[in-house]
Amino acid sequence: MLDSKLLRTATEEVAKGLAKRGYELDVAKIQALEEKRKAIQIKTENLQAERNSISKGIGKAKQAGEDVAPLMQKVENIKQELVSAEAELATIQTEWDDFVNAIPNVPADEVPEGKSDEDNVEVRTWGTPRNFEFPVVDHVDLGANLGGLDFEVATKITGTRFAVLRGGVARLHRALAQFMLETHTTEHGYEEVNVPFIVNRDSLFGTGQLPKFEEDLFKLTDDREFYLIPTAEVPVTNIYRDEIVDEAQLPIKLVCHSPCFRSEAGSYGRDTRGMIRQHQFEKVELVKFVRPEESDAALEALVGHAEAILQKLGLPHRTVILCGGDIGFSSAKTYDIEVWVPSQNKYREISSCSSFRDFQARRMLARYRNKETGKPELLHTLNGSGLAIGRTLLAVLENYQQVDGSIVIPEVLRPYMGGQDVLIPAKK
RNA sequence: GGAAGGGUGGCAGAGUGGUUUAAUGCACCGGUCUUGAAAACCGGCGUAGGUGAAAGCCUACCCAGGGUUCAAAUCCCUGCCCUUCCGCCA
């Protein structure tokens, strides 16, 4: 959520910033609403003040044993006017809130211009894609051959876009999660958290999934309006909703392994084969709460923490900065990390790291007490995948495949695999 | 699932319809005193919004949302949460 005051006083600048992401701010609507709001608010508050003072007078008069009928008559007239004024103010307020809540974040200055993912700008690459001297097999066939990846049976159990993992592949999947958690906690200084995977509407509003992106979520039929989390970002970031933290506690760095559930409405026919796009997947998520002046540096560090996982795994990847047209609703600046997928002969997204600045914090009222001013101020929030586990598994299978269909297990994962160094295809 | 009691500032805690601008204590900040500190004493001390050049003034907020009333922390309804007891349960 953008600052209403800024929206009113610097409308043109905000509109210019939003234009970079292709969002046209309705300037005329802001001016019209603001004009109405101002008049009605002043009128309402004046009427309230008048009523309060007469009511106080009635109390005093009664105590003194005086006749209160004239005062009662006076307040009666005010009351009628007040009721309609209050209703009118509430209507305008709701209209304003609905309008402001639907406005996306303003992209940072350094976000490149552009309309789609084709305009994203490569920042750096790491590693060289391997030269295979045999026909590359994709992870679906590799996994089937290993007896460890079964999409058909998952379709029977549930439906499309689910997978069943077995044996060594299931173990490798678990090893990846463990390895990521261990690296982020012991080497990068994050605190591990375990959170609810079902959240309420307020939490989804706080991080920006609601009210605009309800169709991407799985909603429970329970009348408490619960939803399955689309990412651990939601529960983890909302830990500090409606909180004022001590400045001395900052920065707060949290890491969380969780399942993620996405309806993938609107992506019919895209990535239908394999593990790229599933209704359920696991992810290790990094979340930070920092002082405003530290958020730019914190984003760079966060991207580095995610890249470090791929480097330890020896997986070639590149990092791009998203252009204005491709950036998410709540984000001010986003880097995507893309891993090399040999079967597709291209890089595919495996992590998305964003700084939201104060956009989420304002929705959540997540604040810290500024030591110098003594006043509560909005935090800056950031998050990024570190990494998506299913896609990392896919990348390991494909990049480490051998001609006989076996998979070499990357060195760093072996401690989590009981020392095992290769996955061998099941006997037919 | 059943029964009872609760939810008030950073914390503790008073307040059951009107001189309550939410008492008081603790914590915190400033000052006096002191060689320095502590103690004591004096003063300050919530959030959001509006208005104003500023000082200030005004409005809303006592878990949340409705309602009754000229007037609600206080009365009524609904929801959420907490505590205790019973039942069920990994």
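Up top you'll find the structure we're talking about.
Before going into details, it helps to say that this report is about the structure given with it. The model shown is predicted, which means the values in this text are computed figures rather than measured ones.

### Here's the deal with the pattern of salt bridges
- Summed over the entire model, instances satisfying the criterion amount to 24 salt bridges.
- In this structure, D138 and R273 form a salt bridge, with 2.7 Å as the shortest nitrogen-oxygen distance. Placement of D138 in the loop between β1 (121-126) and α5 (139-145) and of R273 in the loop between β8 (252-261) and β9 (280-290) is noted, with a sequence separation of 135 residues between them.
- The closest approach of N and O atoms between E187 and K312, which form a salt bridge, is 2.9 Å. Taken together, the positions of E187 in the loop between α7 (167-186) and β4 (191-192) and K312 in helix α10 (residues 295-313) put the pair 125 residues apart, joining distant regions of the chain.
- On the basis of relative accessibility, which here comes to 33%, the residue K312 falls in the partly exposed class.
- Members of the salt-bridge network, linked through shared partners, are R201, E214, K219 and E225.

### Examining the sheet that holds strand β12 (residues 346-357)
- Here we have eight strands laid out as an open sheet, ordered β1-β10-β11-β12-β15-β9-β8-β4, and mixed in their pairing. The open sheet terminates on both sides in strands that have one partner only, identified here as β1 and β4.
- As defined by bridge partners, strand β10 (residues 317-321) adjoins strand β11 (residues 333-341) across five bridges and the pair is classed as antiparallel. Across the sheet, residue V320 finds its bridge partner in β11, namely D336.
- With respect to the sheet, α7 is in contact with β4, β8, β9 and β15 (380-388), its orientation differing from that of β9 by roughly 5°.

Reading the values: the criteria
- Residues numbered from 1 in each chain as written.
- Chains lettered and ligands numbered in written order.
- Predicted model: local features only at pLDDT ≥ 70, side-chain atom pairs only at ≥ 80, totals over all residues.
- Heavy atoms only, no water.
- Salt bridge = Lys/Arg side-chain N within 4 Å of Asp/Glu carboxyl O.
- Helix = DSSP H or I, 4+ residues; strand = E, 2+ residues; numbered from the N terminus.
- Buried < 20%, exposed > 50% of the residue type's maximum accessible area, 1.4 Å probe, protein only.
- Pairing = 2+ DSSP bridges.
- Contact = heavy atoms within 4.5 Å.
- Axes fitted to C-alpha atoms, helices over the stretch in contact; angles between N-to-C directions.

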